[in-house]
Amino acid sequence: MTRVAGVDSSTQSCKVVVRDLDTGALLRQGRASHPEGSEVDPAAWWSALQVAIDEAGGLEDVAAIAVGAQQHGMVCLDEKGAVVRPALLWNDTRSAAAADELVAELGPGETGRRAWAQAVGTVPVAAFTVTKLRWLAENEPDSAKRVAAVCLPHDWLTWRLSGYGPAGQQPTSGDVLERLVTDRGDASGTGYWSPATNAYRPDLFARGLGHSALLPRVLGPFERAGATPAGTLLGPGTGDNAAAALGIGAGPGDAVISIGTSGTVFAVAERPTADPSGFVAGFADATGRFLPLVCTLNAARVLDAACALLGVDHAELSRLALGAPAGCGGLVLVPYLEGERTPNRPDSTGAVHGLRLATATPGYFARAAVEGMLCLLADGLDALVGQGVEISRVVLIGGGSRSEAVRRIAPAILGRPVVAAPEGEYVADGAARQAAWVWTGAEAPPVWLVEGGANFEADPTPWVRERYAEVRDLTARQLDHVG
């Protein structure tokens, strides 16, 4: 039996799975926690990866491994390969003003947004790496001057697994930084690499950091990234959303809604997108295709907050929500509890509207929380369709998709049947599938069947989304007025 391993280095934790190359059967797995916050020393990711690998039984019998990880995180290295400062993560919104500056520099309003979309398929928001580089240049100029290379979390971990880094085997030729590699999926989330042209935009990178620096070489979908010091083959790895798409087996026509720390709505497409509104990020996937994506800052934590406020667990929250009528008698929760990325309102807050004596019940509030979160994600699905993306089925994944209320209410809000995928570590699974692909060198990744999904259908409830849109736009106008 040939074994392969996949890593999911997410915001909250590191997971490692070891699977059979031919069937995809799970053989063993491990996990370790990451520090909380939006700014983290990459050394914590490396330590967690070692713990997770040990818990998964080590890599001695593993033929190949690949890393999937959170996108956008800014990892800056000096000329010797040392980390310059803690990495700013995707959920760090302090670069919101920098994003506005970068857009405006290519033209006022719509002109600037369109120029960025045409250049790299995305319009900068606080999550993207290029905006964090601008923040660094403006707020920590001494650190910015020390930056000799910039990479992403998965790039850095792949590099460390190759034996490089401060604690690794330093090459005598002095080309330690030139060993950095990445892939199309993760590179497409930086704001300075174009999925349409498969090339970096050094001019846009320099707009962010203020000077040029070495960037990781972009590998093909199943190109080898080297090997660990022990000889385990390394795949190129990818960003977490591209890895999840690969892990779930998504293909053209599939839309995946991931309800985790963040919410993501993405679909595998044959053509790149360039949305000047910035709502849809025109990313690449891990197979050579494209992965237009909408990301929200708020997803499963909306459910967590509702549980905390009501003093119930998630099972009881589902029971309460399913006991309330669709639309909650006009009660709406706009779920911008951590600001929001899509729409781009990093300083916004959540809002509850339509509270009356008749709607002031735990059940109504529970359902409003579920519906509000799903309406936010449904707006993302509409945005993909608006960019010409064909969607024939919707698959729910992520911790939030385990909620019975979410599963049953989702088809009514989305207006489509949904498949709730079985519980799994799809980012790590996708990385493992990529590792198997690299090992075989085949033209396509191995087919691993995902069994045990549940199908859900419901009559559409368009009035719920109409009412949500009214309140969403009302709160937006109020925020603009205050601003």
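Refer to the preceding data block for the structure.
What counts and what doesn't
- Residues numbered from 1 in each chain as written.
- Predicted model: local features only at pLDDT ≥ 70, side-chain atom pairs only at ≥ 80, totals over all residues.
- Heavy atoms only, no water.
- Helix = DSSP H or I, 4+ residues; strand = E, 2+ residues; numbered from the N terminus.
- Rg over C-alpha atoms; globule rule 2.2 N^0.38 Å.
- Buried < 20%, exposed > 50% of the residue type's maximum accessible area, 1.4 Å probe, protein only.
- Contact = heavy atoms within 4.5 Å.
- Areas by Shrake-Rupley, 256 points an atom, 1.4 Å probe, with all protein chains shown as cover.
- Lys, Arg positive; Asp, Glu negative; His and termini not counted.
- Charge placed at Lys NZ, Arg CZ, Asp CG, Glu CD.
- Salt bridge = Lys/Arg side-chain N within 4 Å of Asp/Glu carboxyl O.
- Polar contact = N/O pair within 3.5 Å; in protein donor to acceptor, adjacent residues only side chain to side chain.
- Axes fitted to C-alpha atoms, helices over the stretch in contact; angles between N-to-C directions.
- Parallel < 35°, antiparallel > 145°, perpendicular 65-115°, else oblique.
- Nonpolar A, V, L, I, M, F, W, Y, C, P; charged D, E, K, R; others polar.
- Left-handed = near helix turned anticlockwise from the far one by under 90°.
- Pairing = 2+ DSSP bridges.
- Expected span 1.5 Å × (residues − 1).
- Phe/Tyr/Trp six-rings, centres within 6.5 Å; stacked < 30°, edge-to-face > 60°.
- Lys NZ or Arg CZ within 6 Å of the ring centre and 35° of its normal.

Draft legend 1. Region of the structure containing the overall build of the protein. Secondary structure summary: the protein contains 15 helices and 24 strands in total. By the compact-globule yardstick of 23 Å for 483 residues, the protein fits well, its C-alpha radius of gyration being 22 Å. Within the span of the protein, comprising 483 residues, buried residues form 59% of the whole. Sequence separation of at least 24 residues holds for 73% of the intrachain contacts in the protein that already meet a minimum separation of 6. In the structure as shown, the protein presents an accessible area of about 18300 Å², 50% of it carried by carbon and sulfur atoms. Counting 39 positive and 54 negative side-chain charges, the protein places the centres of these two groups 2 Å from one another.

Draft legend 2. Just the side chain of Arg433, in detail. Among the secondary structure elements, Arg433 is positioned in helix α14 (residues 426-440). At 9.0 Å, Asp285 is the nearest oppositely charged side chain to Arg433, a buried residue that forms no salt bridge. In terms of polar contacts, Arg433 uses its side chain to reach the backbone carbonyl oxygen of Leu246, at 2.9 Å. Excluding residues that lie within four positions of it along the chain, Arg433 makes contacts with Leu246, Gly249, Pro445, Pro446, Val447 and Trp448.

Draft legend 3. Representation of the packing of helix α10 (residues 300-310) against helix α11 (residues 314-322) in the model. Interaxial distance between α10 and α11 falls to 10 Å at its minimum, and their mutual angle equals 90°. The angle between α10 and α11 falls in the class roughly perpendicular. When α10 is examined against α11, the residues Leu303, Asp304, Ala306, Cys307 and Leu310 are found in contact with a partner set consisting of His314, Leu317 and Leu320. Here the residues of the contact of α10 with α11 are counted per class, giving six nonpolar, one polar and one charged.

Draft legend 4. Inspection of the packing of helix α12 (residues 362-386) against helix α13 (residues 404-414) at higher detail. Where α12 meets α13, the closest approach of the two axes is 9 Å, and the angle between their N-to-C directions is 50°. Considering the angle they form, α12 stands oblique to α13. α12 and α13 meet at a crossing whose hand is right-handed. The residues of α13 that touch α12, namely those facing Arg367, Val370, Glu371, Met373, Leu374, Cys375, Ala378 and Leu381, are Ala405, Val406, Ile409, Ala410, Ile413 and Leu414. By residue class, the composition of the contact of α12 with α13 is twelve nonpolar, no polar and two charged.

Draft legend 5. Looking closely at the sheet that holds strand β23 (residues 418-420). Pairing in this open sheet of seven strands is mixed, and the strands run β18-β19-β17-β16-β22-β23-β24 from one edge to the other. Unpaired on one side and paired on the other, β18 (281-284) and β24 (454-456) mark the two borders of the sheet. On average, adjacent strands in this sheet sit at an angle of 25° to one another, irrespective of strand direction. Pairing geometry for β23 and β24, over three bridges, is antiparallel. Across the sheet, residue Ala420 finds its bridge partner in β24, namely Ala454.

Draft legend 6. Layout of the environment of Val256. Examined against the element boundaries, Val256 turns out to sit in strand β16 (residues 254-259). A relative accessible area of 1% places Val256 in the buried class. Sequence spacing of Val256 and Ile397 is 141 residues, and the spatial spacing of their C-alpha atoms is 7.3 Å.

Draft legend 7. Seen up close, the pairing of β16. When you tally the buried positions in β16, you get six out of six residues, the bulk of the element. Judged by which residues are buried, β16 turns out to be covered on both faces: Asp254, Val256 and Ser258 on one side and Ala255, Ile257 and Ile259 on the other are all buried. In terms of strand pairing, β16 meets strand β22 (residues 393-397) through five bridges, oriented parallel. In the sheet register, Asp254 faces β22, and the bridge partner there is Arg393. Examined bridge by bridge, β16 and strand β17 (residues 263-267) share five bridges and lie antiparallel to one another. Looking across to β17, one finds that Val256 is bridged to Phe266. Taking the residues between adjacent antiparallel strands as the criterion, β16 and β17 are bridged by three residues.

Draft legend 8. Spatial organisation of α14. Taking 1.5 Å per residue as the helical rise, α14 with its 15 residues ought to reach 21 Å, and the 21 Å between its terminal C-alpha atoms agrees with that figure. Most of α14 sits out of view: 13 of its 15 residues are buried. Of the residues one or two after α14, Gly441 is the one with positive phi, at around 70°.

Draft legend 9. Structural detail: the packing of aromatic side chains. One pass over the full model with this rule turns up five aromatic pairs. Note on Phe128 and Phe283: the rings are 6.1 Å apart at their centroids and 55° apart in plane angle, and the pair reads as tilted. Within this pair, whereas Phe128 is found in the loop between α3 (110-120) and α4 (129-139), its partner Phe283 is found in strand β18, the two being separated by 155 residues in sequence. Each member of the pair Phe128 and Phe283 is classed as buried. Note on Phe222 and Trp437: the rings are 5.1 Å apart at their centroids and 25° apart in plane angle, and the pair reads as stacked. Of this pair, Phe222 sits in the loop between β12 (217-219) and β13 (226-227) while Trp437 is found in helix α14, placing the two residues 215 residues apart along the sequence. For Trp437, a relative accessible area of 2% corresponds to the buried category. These aromatic residues form a ring-pair network of at least three members: Tyr192, Tyr200 and Phe205. Directly above the ring of Trp135 sits Arg94, whose terminal nitrogen or CZ lies 4.8 Å from the centroid. Between Arg184 and the ring centre of Phe290, over which it is positioned, the NZ or CZ distance is 5.4 Å.

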